[in-house]
Amino acid sequence: MNRDLTVGNPQTVLWKFCLPLFGSIIFQQLYNIADSLVAGKLIGENALAAVGNGYEITLIFIAFAFGCNMGCSVIASQLFGAKEYGRLKTAVSTACIFSACLCLLLMAAGTLSCSALLRLIKTPQEVFADSKIYLDIYIWGLPFVFFYNIATGVFSALGDSKTPFVFLAVSSTANIAVDILFVKTFHMGVSGVAWATLLCQGVSCVLAVWAVWKRLQKIKTAEKPKRFDQKLLQKIVVIAVPSILQQSFISVGNIIIQSVINAYGASVIAGYSAAVKLNNMVITSFTTIGNGISNFSAQNLGSRRYERIREGLRAGVKMVWCLCLPFCIGYLLFGRYFLMFFMDESSATALATGTQFLRILSPFYFIVSVKLAADGILRGTGAMRQFMAATFTDLVLRVALAFVFSGATHSAAGIWCAWPVGWTVSMLLSLCLYRREYKKWSGG
């Protein structure tokens, strides 16, 4: 069902729209968590390290898919809010063509450069072969990742967050079963984990694209929409490229940090790999709600209802703080037990590493969540330079301080301390930039 986000109580509208998005991202994270869980429990510590090591590189590819999602979603949201339905359909088909070309280029580049990237981040020899197997198979599934992201972006633009949630819930649950089948029954090792993910992502992609096509068919237009429009492509790219750069530079930053972590050995890599999956589940949840705020802001900007944008930020902050509390308490008090889903008591160094990581980062979820809510408004209203400034501030600080703090402390704990500093400074910057932009739209 399509939903107009420009009418109704902003807080109620945003909560109803974002809660299924939050549910979707939880199931999306199950893909990655299931991979690590099965690798760690059914194969071994080195397999867990290999999947985690390869995962940091897959985030670069996901960054491009996410950028295409946001470019399509924000422009489609603005057109839906302005009730320009013919141009809305053209924007979707234009985004699909652009994404297909980009995906092919990435598949070629990824196939040629995976080994070099793994060497660049100083992947230990004992996990190198499995890391490469995982990445090679993942690259063949990139079309499913791209077109699933486009489909979910269109659903979000139409105000429908429930349909992709249903598809993702079914496919991610199936992924756990297929992971176990391929690894435990067929003894496929790390390749079984990767093939299971590819298969289940493919099913969810096909279903989502079919549902989007049926939904757009029901929207009537006076004339047959064009399949491709260069001006709309330019608008999509203006949103997509900064979003791609944001996510890819974050991924590159994480890869650089991973190279620092790799110097501490396979046990520390395994502990970080498990803990960062738990952390990413939280951060990605905040980011997804930020994406919902982007769609909300874009529709209301299209209909020139500026006060609703400010009310949307307030509602968004309340929402993310409701999520912060249980995650913060859970990771502080029970982080070790969550980590034991991925490993057992014999992995003492890995457990200690992961527990320390979660205890240092989790109290600062209240800060980074506010930043991501404000960033959602900046992106949804097209303030991309400001959005990029806040993102790069966080990234540069985290990467630089990871080197400084790890050198000063001679331990991995110094690396973890870089996160809170970057989050705090960039949160203050995001709020300042949002307030400046709001004065421009509203005239005061």
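Going along each chain's sequence as written, the residues are numbered from 1 onward. Residues qualify for local features only when their pLDDT is at least 70, as the model is predicted, and side-chain atom pairs are given and counted only at 80 or more; totals for whole chains, interfaces and linings, by contrast, use all residues. No hydrogens and no water enter the side-chain calculation; it runs on all heavy atoms of the structure.

Draft legend 1. Structural context of the overall build of the protein chain. Broken down by element type, the protein chain carries 15 helices and 0 strands. Burial classification: accessible surface area is computed with a 1.4 Å probe over protein chains only, and a residue below 20% of its type maximum counts as buried, one above 50% as exposed, and the rest as partly exposed. Classification of the 444 residues of the protein chain by burial places 60% in the buried group. Should any heavy atoms of two residues lie within 4.5 Å, those residues are counted as being in contact. Put simply, 85% of the contacts in the protein chain that link residues at least 6 apart link residues at least 24 apart. For the purposes of this entry, the term helix denotes a DSSP run of H or I that reaches at least four residues, the term strand denotes a run of E that reaches at least two, and both are numbered from the N terminus.

Draft legend 2. Fine view of the pattern of salt bridges. By definition here, a salt bridge exists when the distance from a side-chain nitrogen of Lys or Arg to a carboxyl oxygen of Asp or Glu is within 4 Å. Applying the stated rule across the entire model yields 5 salt bridges. Across the pair K132 and D136 runs a salt bridge whose closest N-O atoms are separated by 2.7 Å. One end of the pair is K132 and the other is D136, both in helix α4 (residues 125–140) and 4 residues apart, which spans about a single turn. Exposure remark for K132: the relative accessible area of 27% places this residue in the partly exposed category.

Draft legend 3. Up close: helix α6 (residues 162–185). Taking 1.5 Å per residue as the helical rise, α6 with its 24 residues ought to reach 34 Å, and the 34 Å between its terminal C-alpha atoms agrees with that figure. When we look at burial in α6, the residues that qualify are T163, P164, F167, L168, A169, S171, S172, N175, V178, D179, F182 and V183. Backbone geometry just after α6 places H187 at a positive phi near 55 degrees. Between the first and last residue of a helix there are one fewer steps than residues, each counted as 1.5 Å, and that sum is the expected span.

Draft legend 4. Layout of the packing of aromatic side chains. Aromatic contacts are taken between Phe, Tyr and Trp rings whose centres are within 6.5 Å, Trp giving its six-membered ring; a plane angle under 30 degrees counts as stacked, one over 60 as edge-to-face, and the others as tilted. In total, this model carries 13 aromatic pairs according to the counting rule given. An aromatic cluster of three or more residues is present, and its members are F286, F327, Y331, F338, Y365 and W423.

Draft legend 5. Geometry of the nonpolar core. Buried Ala, Val, Leu, Ile, Met, Phe, Trp, Tyr and Cys residues that are joined via side-chain atoms within 4.5 Å together make up what is termed a nonpolar core. F286, F357, Y365, W416 and W419 are the most contacted members of the largest nonpolar core, which totals 123 residues. If sequence neighbours within four positions are ignored, F286 has contacts with V320, L323, C324, Y365, V368, S369 and L372. Core analysis: the next-biggest nonpolar cluster, separate from the first, contains 11 residues, V38, A47, Y134 and I137 among them.

Draft legend 6. Quick look at the state of the cysteines. Disulfide: a pair of cysteine sulfur atoms within 2.5 Å of each other. This structure, assessed with the given rule, holds 0 disulfides. For the unlinked cysteine C322, the closest cysteine sulfur is that of C324, found at 9.1 Å. C324 forms no disulfide, and the closest cysteine sulfur to it belongs to C328, at a distance of 7.8 Å.

Draft legend 7. Local environment of the confidence of the model for the protein chain. A score from 0 to 100, pLDDT tells how confident the predictor is in each residue. For the protein chain, the average pLDDT comes to 81, and 90% of its residues sit at 70 or higher. No element of the protein chain has a lower mean pLDDT than helix α1 (residues 10–43), at 70, and none a higher one than helix α3 (residues 85–120), at 89.

Draft legend 8. Local environment of a nonpolar patch on the surface. Nonpolar side chains collect at one region of the surface, where L325, I329, L332, L333, F334, Y337, F338 and F341 lie side by side and expose about 780 Å² of accessible area between them. Locating F341 in the fold gives a position in the loop between α10 (306–339) and α11 (348–361). The exposure class of F341 is partly exposed, given its relative accessible area of 49%. Only residues whose relative accessible area exceeds 30% and that form no salt bridge enter a patch; like-charged residues are grouped when within 9 Å of one another, and nonpolar side chains (Val, Leu, Ile, Met, Phe, Trp, Tyr) when within 5 Å. Shrake-Rupley sampling with a 1.4 Å probe provides the accessible areas, and residues are treated as covered by the protein chains on show and by no other component.

Draft legend 9. Representation of helix α5 (residues 142–157) within the structure. Counted at 1.5 Å a residue, the expected span for α5 with its 16 residues is 22 Å, and the 23 Å between its end C-alpha atoms agrees. With respect to burial, α5 is a largely interior element, 13 of its 16 residues being buried. Following α5 by one or two positions, G159 has its phi on the positive side, about 80 degrees.

Draft legend 10. The arrangement of the packing of α3 against α4 in detail. The convention used is that axes are lines fitted to C-alpha atoms, helices contributing only their stretch in contact, and that angles between N-to-C directions extend from 0 to 180 degrees. Contact geometry of α3 with α4 gives a least axis separation of 10 Å together with a crossing angle of 165 degrees. One finds that α3 runs roughly antiparallel with respect to α4. Read as a crossing pair, α3 and α4 show a hand that is right-handed. Together, M107, G110, T111, C114, S115, L118 and R119 of α3 and F128, S131, K132, L135, D136, I139 and W140 of α4 make up the contact between the two elements. Note on angle classes: values under 35 degrees are labelled roughly parallel, values over 145 roughly antiparallel, values of 65 to 115 roughly perpendicular, and the remainder oblique. Two helices crossing with the near one rotated counterclockwise from the far one by less than a right angle form a left-handed crossing, whereas a clockwise rotation gives a right-handed crossing.

Draft legend 11. Quick look at the environment of C96. Among the secondary structure elements, C96 is positioned in helix α3. Each C-alpha atom of the pair C96 and F228 lies 9.5 Å from the other, and the pair is 132 residues apart in sequence. If near-sequence neighbours (up to four positions away) are discounted, C96 is found in contact with F147 and I150.

Draft legend 12. Examining the environment of I377 more closely. Locating I377 in the fold gives a position in helix α12 (residues 365–380). Looking at I377, the relative accessible area reads 0%, which means it is buried. With 10 residues separating them in the primary sequence, I377 and F387 have C-alpha atoms 9.0 Å apart.

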